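Structural description and commentary
Spelled out, the chains give:
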Amino acid sequence: MTDITTTRVGRFEILTIPDGYGRAPGTLFPAFDPDRAVAAAAQAGEDYDGKTVNVPIHGFVIRDGTEVTIVDAGAPDGYSPTTGAFMTNLAKAGVVPEEVTRLAMTHLHVDHVGQMVRPDGSKTFPNAELVYGAGDWDHFFNEAVYEKTKPGGQARGSLDVSRRALAPYADQKREIAGEVEFAPGMTMIPLPGHTPGHSGIRIDDAGESVLIWGDTIHANAFQLAEPDWGVLFDVDPEAAIASRRRLFAELAESGMPVLGPHVPQPGPWRVEKAPIGYRLIPA
């Protein structure tokens, strides 16, 4: 599904802005096991051809009166043949880049910051403050991290694109350490591991809540049932697993609805315990 969808939490309107999708091979998941993969996908009700699974890519717009917050801003131009709809769908949603007041990033990977910069290197969202979890900026601009990547390789290329997208916002950025309400009704929830500052964004109003949980999962087909299945580009794999396990348990207990950059549409969803690990059910 590629439609813009709307979730309401009290006074907030949350729009899911599709960018596209990818197909991930089993090799993306270091702990991949073919038989367990079949069982996990069957429980999730997801298509699995034995080779690849679907990975949707979304961003979000949160409207609060005249305040417009974007949570994750799409993949860069040319990222894959199936992406590239983020800015078109943003316009369809009636969002003008100049009216965006805040960019609240779950983390700073390339498929989340890709449309923050124009081809000429200028800011796509000139009036927006960049907000992100503590440790991410330092990680992405760390020369030791950069030098460990292979010249001409995918990891270095992704770092180059993230750096180019982020650099124009260096004078209007805000790092959030811990669980902090960074704007009225919006709280950053640390979920470290995928990146040092990887976070969820919780929206609360009028006794209602929803959590945009970042890259807690990349593939619904596998990772709800198999929370120990991280992805190759987790910066700290063990921490990412711990964050995922803790969050699944908390959400299954609380029933808080979730959205995410790589979860299916339409949402929101709830996490429930299942015969194998957990699964998503409509909220």
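Before reading further, recall that the structure is shown in the block above.
Owing to the predicted nature of the structure, the values given are computational and were not obtained by experimental measurement. Numbering of residues begins from 1 in every chain and follows the order in which that chain's sequence is written. For this predicted model, a pLDDT threshold of at least 70 governs which residues receive local features, and a threshold of 80 or more governs which side-chain atom pairs are given and counted, while totals over whole chains, interfaces and linings are taken from all residues. Note that water and hydrogens are dropped before the side-chain values are worked out from all heavy atoms of the structure.

1. Some thoughts on the sheet that holds strand β6 (residues 129-133)
Paired strands, as defined in this entry, are two strands with at least two bridges between them according to DSSP. Helical segments are the DSSP runs of H or I of at least four residues, strand segments are the runs of E of at least two, and each set is numbered from the N terminus. The strand order across the open sheet built from seven strands is β1-β2-β3-β4-β5-β6-β7, with neighbouring strands paired in mixed fashion. The open sheet has two edge strands with one neighbour each: β1 (5-9) and β7 (173-176). This sheet shows a mean twist of 25° between the axes of neighbouring strands, independent of strand direction. As defined by bridge partners, strand β2 (residues 12-25) adjoins strand β3 (residues 52-64) across 12 bridges and the pair is classed as antiparallel. By the bridge assignment for β3, Gly20 is matched with Ile57. In this analysis, axes come from line fits to C-alpha atoms, helices being fitted only over the stretch in contact, and the angle between any two N-to-C directions falls in the range 0 to 180 degrees.

2. So, unusual backbone geometry
Leave glycine aside and you will find that most residues have negative phi; peptide bonds, for their part, are mostly trans. Residue Gln265 is joined to Pro266 through a cis peptide bond whose omega torsion reads -5°. A cis amide bond, omega 0°, links Gly267 with the succeeding residue Pro268. Looking at the element boundaries, Pro268 is found in the loop between β12 (258-259) and β13 (269-273). Not every positive phi belongs to a glycine, and Asp72 is a case in point at roughly 70°.

3. Structural notes on the nonpolar core
By size, the foremost hydrophobic cluster in this structure holds 28 residues, and its most contacted members are Ile70, Leu103, Met105, Met116 and Leu130. Sorting the residues of this core by element identifies β2, β4 (67-71), α2 (86-92), β6, α4 (136-140) and α6 (154-166) as the ones contributing at least two each. Counting residues per element, this core draws most heavily on α6, which supplies three residues. Once residues lying within four places of it in the same chain are set aside, the contact partners of Met116 are Ala73, Leu103, Met105, Ser122, Lys123, Thr124, Phe125, Leu130, Ala165, Leu166 and Tyr169. Counting residues in each nonpolar core, the second largest holds 18 residues, with Val9, Ala104, Ala183 and Ile201 among its members. Put simply, buried Ala, Val, Leu, Ile, Met, Phe, Trp, Tyr and Cys residues joined by side-chain atoms within 4.5 Å make one nonpolar core. Residue burial is assigned from relative accessible area. The probe radius is 1.4 Å, only protein chains are included, and a residue is buried under 20% of its type maximum, exposed over 50%, and partly exposed in between. Every residue pair with non-hydrogen atoms within 4.5 Å of one another is taken to be in contact.

4. Some details on the environment of Gly230
Relative to the helices and strands, Gly230 is located in the loop between α7 (220-223) and α8 (237-254). Using a relative accessible area of 7% as the deciding quantity, one classes Gly230 as buried. Distance from Gly230 to Val9, taken between C-alpha atoms, is 30 Å for residues 221 residues apart in sequence. Dropping the residues within four chain positions of it, Gly230 is found in contact with Leu28, Phe29, Pro30, Gln223 and Arg244.

5. A short note on empty space enclosed by the protein
Points on a 1 Å grid over protein atoms alone make up a cavity when a 1.4 Å probe fits among them but cannot get out, and a pocket when they form an open set with protein on both sides within 12 Å along at least five of seven lines; lining residues each have an atom within 4 Å of a point. Grid points are joined across faces, edges and corners, and a volume is the space filled by probe spheres set on the points. Summed over the entire model, instances satisfying the criterion amount to one cavity of 30 Å³ or more. The space that makes up the largest cavity amounts to roughly 70 Å³. Along the walls of the largest cavity sit Leu191, Pro192, Gly193, His194, His198, Asp215, Thr216, Ala240, Ser243 and Arg244, which together make up its complete lining. Residues are grouped as follows: Ala, Val, Leu, Ile, Met, Phe, Trp, Tyr, Cys and Pro are nonpolar; Asp, Glu, Lys and Arg are charged; all remaining types, including Gly, are polar. Along the lines of polarity and charge, the residues of the lining of the largest cavity split into three nonpolar, five polar and two charged.

6. Section: the pattern of salt bridges
A pairing counts as a salt bridge when a side-chain nitrogen of Lys or Arg comes within 4 Å of a carboxyl oxygen of Asp or Glu. The full count for this structure, using the stated rule, is 18 salt bridges. A salt bridge links Arg163 to Glu143; the shortest N-O distance between them is 3.2 Å. Placement of Arg163 in helix α6 and of Glu143 in helix α5 (residues 143-147) is noted, with a sequence separation of 20 residues between them. As a salt-bridge pair, Glu272 and Arg279 come within 2.7 Å of each other at their nearest N and O atoms. One continuous salt-bridge network, built from bridges that share partners, spans Arg8, Glu13 and Arg63.

7. Some remarks on helix α1 (residues 34-44)
Listing the buried residues of α1 in full gives Ala37, Ala40, Ala41 and Gln43. With its buried residues spanning 160° around the axis, α1 presents them on a single face. Exposed residues on α1 whose side chains face more than 90 degrees from its buried face are Asp35 and Ala42. Of the surrounding elements, those touching the buried residues of α1 are α7 and β14 (278-282). N or O atoms within 3.5 Å of each other form a polar contact, as long as, within protein, one can give a hydrogen and the other can take it, and as long as residues adjacent in sequence are counted only when both atoms are side-chain atoms. Measuring from the backbone nitrogen of Asp35 back to the side-chain oxygen at the start of α1 gives 3.2 Å, which picks out Asp33 as the cap. The directions considered for the arc are those from the helix axis to the C-beta atoms.

8. Looking at the packing of aromatic side chains
Pairing of aromatic side chains requires ring centres within 6.5 Å, counting the rings of Phe and Tyr and the six-membered ring of Trp. Pairs whose planes differ by under 30 degrees are stacked, by over 60 edge-to-face, and all others tilted. Here the structure, examined in full by the defined rule, presents 10 aromatic pairs. Between the aromatic rings of Phe29 and Trp229, the centroid separation amounts to 6.5 Å while the plane-to-plane angle is 40°, which identifies the pairing as tilted. In this pair, Phe29 is assigned in the loop between β2 and α1 and Trp229 in the loop between α7 and α8, connecting sequence segments 200 residues apart. With respect to burial, Phe29 and Trp229 carry one shared label: buried. With a centroid separation of 5.9 Å and 55° between ring planes, the pair formed by Phe32 and Phe222 is classed as tilted. Of this pair, Phe32 sits in the loop between β2 and α1 while Phe222 sits in helix α7, and the two are 190 residues apart along the sequence.

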